[in-house]
Amino acid sequence: MAVADVFKTIKENDVKFVDLRFTDTRGKEQHVSVPAHAFGQDKFDDGHAFDGSSIAGWKGIQASDMLLMPDPDSSRLDPFSDEVTLNITCDVIEPADGKGYDRDPRSIAKRAEAYLKSSGIGDVAYFGPEPEFFIFDSVTWNVDMSGCFVKISSEEAPWSTGKEFEGGNMGHRPPVKGGYFPVPPIDSLQDIRNAMCLALEQQGVEVEVHHHEVAAPGQCEIGTKFNSLVKRADWLQILKYTVWNVAHSYGKTATFMPKPIVGDNGSGMHVHQSVWKGGQNLFAGNGYAGLSDFALYYIGGVIKHARALNAITNPGTNSYKRLVPGFEAPINLAYSAKNRSASCRIPHVASPKGRRVEVRFPDPTANPYLAFAALLMAGLDGVQNKIHPGDPIDKNLYDLPPEEAAKVPHPCHSLDQALECLEEDHAFLTKGGVFSEDMISAYIELKMEEVTRFRMTTHPVEFDMYYSL
């Protein structure tokens with residue numbers, strides 16, 4: 001959509017507000033609203049000023065002025081606002097030089113796309129994430145000096161069999177790890193997902209599939225079409241916004257937290273990716289599972305840098321409660337076309353155009369701009385240095401004999417370990433100025449604050465284990 005089309009949309013739809021949106025380091029979308037009568041050509045020419053010092057991990061108070069530069073192609077009508085509102089995704093610009101801010105995730109993603117083209121390796125990188133999420137009836141928690149708790153309410157959950165509900169307990173619910181594909185009424189969230197899909201398509205995000213996922217208490221997935229790196233990250237932010245708001249409109253709450261439930265599957269975000277040049281898929285070839293050497297080297301780069309990538313693709317302390325054995329989590333850094341226990345899976349496709357790699361260790365709390373950019377940079381490093389990933393492992397990786405299992409590397413087991421790996425291994429990210437040393441240092445500092453808070457907080461399980469010793 002061109003700038004002129006934005007103003008045409010505002011006029012034809014009698015838009016009352018223009019909502020300028022951007023994404024912070026943690027991946028949370030932020031916004032500021034401008035009355036439509038105050039939104040003119042100057043916003044596209046000069047940007048909209050705001051205070052960058054109030055965003056976690058960004059500028060200090062001594063250098064706080066920043067600009068939001070709207071991307072006209074991202075504009076879409078908001079299906080959830082009472083007044084007609086046009087949402088526009090923005091880049092964050094440094095006023096001093098007019099360039100994308102060093103720590104702005106969307107600007108980093110744009111630099112990754114530019115680096116791909118300038119390297120001559122490829123023209124475009126396509127991404128197709130599969131974020132899973134939970135829908136609950138309610139969630140309450142508290143953390144203070146007197147103690148802490150979390151309580152999840154889900155009428156669909158197996159633990160609700162003995163509860164009395166207004167209108168009665170109908171008894172139709174999936175068992176633990178039994179949520180994959182049963183029809184309603186066991187799948188009680190069909191209508192909510194339908195509404196989410198329709199709202200996504202109203203906003204220009206093409207839906208391909210939706211279904212209940214494995215975890216019994218309300219785990220879902222909505223599959224949307226692949227697209228180029230920045231566009232696909234934009235769409236993921238739209239998807240999250242849509243899931244949260246539709247759930248809210250139904251009197252429910254949705255979360256992309258990787259492991260909110262003890263003893264059932266967590267939520268991952270498998271990321272499909274491929275690189276193209278001159279209209280040709282560079283991942284297609286005559287090698288293993290129809291892959292090219294290019295694709296194998298790309299996989300090699302992802303596996304080599306996986307533990308540093310974890311700091312960005314698995315960015316929370318809760319992320320590592322998902323990366324444990326027994327819940328279909330990809331805890332082995334290997335590749336395979338035949339089983340889903342490998343961290344890099346090669347999906348079966350009918351056409352070479354669909355040849356791609358599915359990286360399975362990321363989770364949906366990842367900032368999509370940073371995660372996709374980092375995955376691309378790791379893969380390109382593998383291509384540039386011809387990092388071969390070794391032989392595929394087509395056995396069930398969970399059942400390998402101990403001597404074989406010991407040879408397979410694993411992702412990190414904690415966020416602090418991942419941050420240490422990122423500190424030691426990030427040269428692949430700074431190529432072409434995509435990520436800066438300053439951005440990586442600021443990211444590590446921000447995330448270590450989360451680690452420290454987690455370490456300092458007494459956990460109820462510790463009372464269970466140690467109170468009587």
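Small disclaimer: the values here were computed from a predicted structure and weren't measured.

Rules of the game
- Residues numbered from 1 in each chain as written.
- Predicted model: local features only at pLDDT ≥ 70, side-chain atom pairs only at ≥ 80, totals over all residues.
- Heavy atoms only, no water.
- Helix = DSSP H or I, 4+ residues; strand = E, 2+ residues; numbered from the N terminus.
- Expected span 1.5 Å × (residues − 1).
- Buried < 20%, exposed > 50% of the residue type's maximum accessible area, 1.4 Å probe, protein only.
- Contact = heavy atoms within 4.5 Å.
- Core = buried A, V, L, I, M, F, W, Y, C linked by side-chain atoms within 4.5 Å.
- Polar contact = N/O pair within 3.5 Å; in protein donor to acceptor, adjacent residues only side chain to side chain.
- Disulfide = S-S within 2.5 Å.
- Salt bridge = Lys/Arg side-chain N within 4 Å of Asp/Glu carboxyl O.
- Axes fitted to C-alpha atoms, helices over the stretch in contact; angles between N-to-C directions.
- Parallel < 35°, antiparallel > 145°, perpendicular 65-115°, else oblique.
- Left-handed = near helix turned anticlockwise from the far one by under 90°.
- Nonpolar A, V, L, I, M, F, W, Y, C, P; charged D, E, K, R; others polar.
- Phe/Tyr/Trp six-rings, centres within 6.5 Å; stacked < 30°, edge-to-face > 60°.
- Lys NZ or Arg CZ within 6 Å of the ring centre and 35° of its normal.

Participant: Account for helix H13 (residues 437–456), naming residues and giving values.
Facilitator: Helix length check: H13 (20 residues) gives 28 Å between terminal C-alpha atoms against 28 Å at 1.5 Å per residue, within 8%. Of all the residues in H13, the buried ones are Met-439, Ile-440, Ala-442, Tyr-443, Ile-444, Leu-446, Lys-447 and Val-451. Next to the buried residues of H13 lie helix H3 (105–119), helix H7 (306–313), helix H9 (368–384), helix H11 (415–424) and helix H12 (427–430).

Participant: Tell me about the environment of Ser-319, residues and numbers included.
Facilitator: Relative to the helices and strands, Ser-319 is located in helix H8 (residues 319–322). Each C-alpha atom, one on Ser-319 and one on Ala-195, is 28 Å from the other, the two residues being 124 residues apart in sequence. Setting aside anything within four residues of it in sequence, one finds Ser-319 in contact with Pro-258, Asn-314, Asp-363 and Thr-365.

Participant: Before we move on, could you go through the nonpolar core and cite the residues and values that matter?
Facilitator: Phe-127, Met-196, Tyr-298, Phe-372, Leu-376, Leu-429 and Phe-435 are the most contacted members of the largest nonpolar core, which totals 87 residues. The element that contributes the greatest number of residues to this core is H9, accounting for twelve residues. Those residues in contact with Leu-429 that sit more than four places away from it in its chain are Ile-312, Ala-374, Met-377, Leu-422, Val-434, Phe-435 and Ile-440. Core analysis: the second largest hydrophobic core is formed by 20 residues, Val-6, Val-18, Ala-36 and Ile-55 among them.

Participant: Can you break down the side chain of Ser-274 residue by residue, with the values?
Facilitator: Tracing the backbone through its elements, the reader meets Ser-274 in strand S14 (residues 269–277). The class of Ser-274 is buried, set by a relative accessible area of 8%. Separated by 3.2 Å, the side chains of Ser-274 and Trp-276 make a polar contact. Every residue in contact with Ser-274, bar those within four places of it in the chain, is listed here: Val-124, Ala-125, Tyr-126, Asn-281, Phe-283, Arg-355 and Arg-356.

Participant: I'd like to hear about the state of the cysteines, residue by residue, with values.
Facilitator: Enumeration over the complete set of coordinates arrives at zero disulfides. Between Cys-421, a free cysteine, and Cys-412, which holds the nearest cysteine sulfur, the sulfur-to-sulfur gap is 3.8 Å.

Participant: If you had to explain the pattern of salt bridges to someone new, which residues and values would you point to?
Facilitator: Side-chain pairs of opposite charge can arise whenever the charged atoms involved come near each other. One pass over the structure, following the stated rule, counts 20 salt bridges. Lys-231 is paired through a salt bridge with Asp-73; the nearest N and O atoms lie 3.3 Å apart. Within this pair, whereas Lys-231 is found in helix H5 (residues 229–249), its partner Asp-73 is found in the loop between strand S4 (65–70) and strand S5 (76–77), the two being separated by 158 residues in sequence. Lys-231 gets classed as partly exposed once you look at its relative accessible area, which sits at 23%. Residue classification places Asp-73 among the partly exposed residues on the basis of a relative accessible area of 40%. In this structure, the salt-bridge partner of Arg-103 is Asp-438, at a minimum N-O distance of 2.9 Å.

Participant: Kindly report on the packing of H7 against H9, identifying the contributing residues and their values.
Facilitator: Between two packed helices, both the angle of their axes relative to each other and the distance between the axes serve to describe the pair. Their axes nearest at 9 Å, the elements H7 and H9 cross at an angle of 165 degrees. As far as their axial angle goes, H9 and H7 are roughly antiparallel. Like other packed secondary-structure pairs, H7 and H9 cross with a definite hand, here right-handed. Residues Leu-309, Ile-312 and Thr-313 of H7 pack against Leu-370, Ala-371, Ala-374, Leu-375 and Ala-378 of H9. Its residues assigned to classes, the contact of H7 with H9 shows seven nonpolar, one polar and no charged.

Participant: A description of the packing of aromatic side chains should follow, citing residues and the corresponding values.
Facilitator: The final tally for this structure, using the stated rule, is 18 aromatic pairs. When the centroid spacing of 5.8 Å and the interplanar angle of 35 degrees are considered together, the rings of Phe-22 and Trp-58 count as tilted. Here the residue Phe-22 occupies a position in strand S1 (residues 17–23), and Trp-58 occupies one in the loop between strand S3 (48–51) and S4, the gap between them amounting to 36 residues. Side by side, Phe-22 and Trp-58 carry an identical accessibility label, which is buried. In this arrangement the basic side chain of Lys-28 is found over the ring face of Trp-244, its NZ or CZ atom lying 3.9 Å from the centre. Positioned above the aromatic ring of Phe-256 is the side chain of Lys-240, whose terminal nitrogen or guanidinium carbon lies 5.4 Å from the ring centre.

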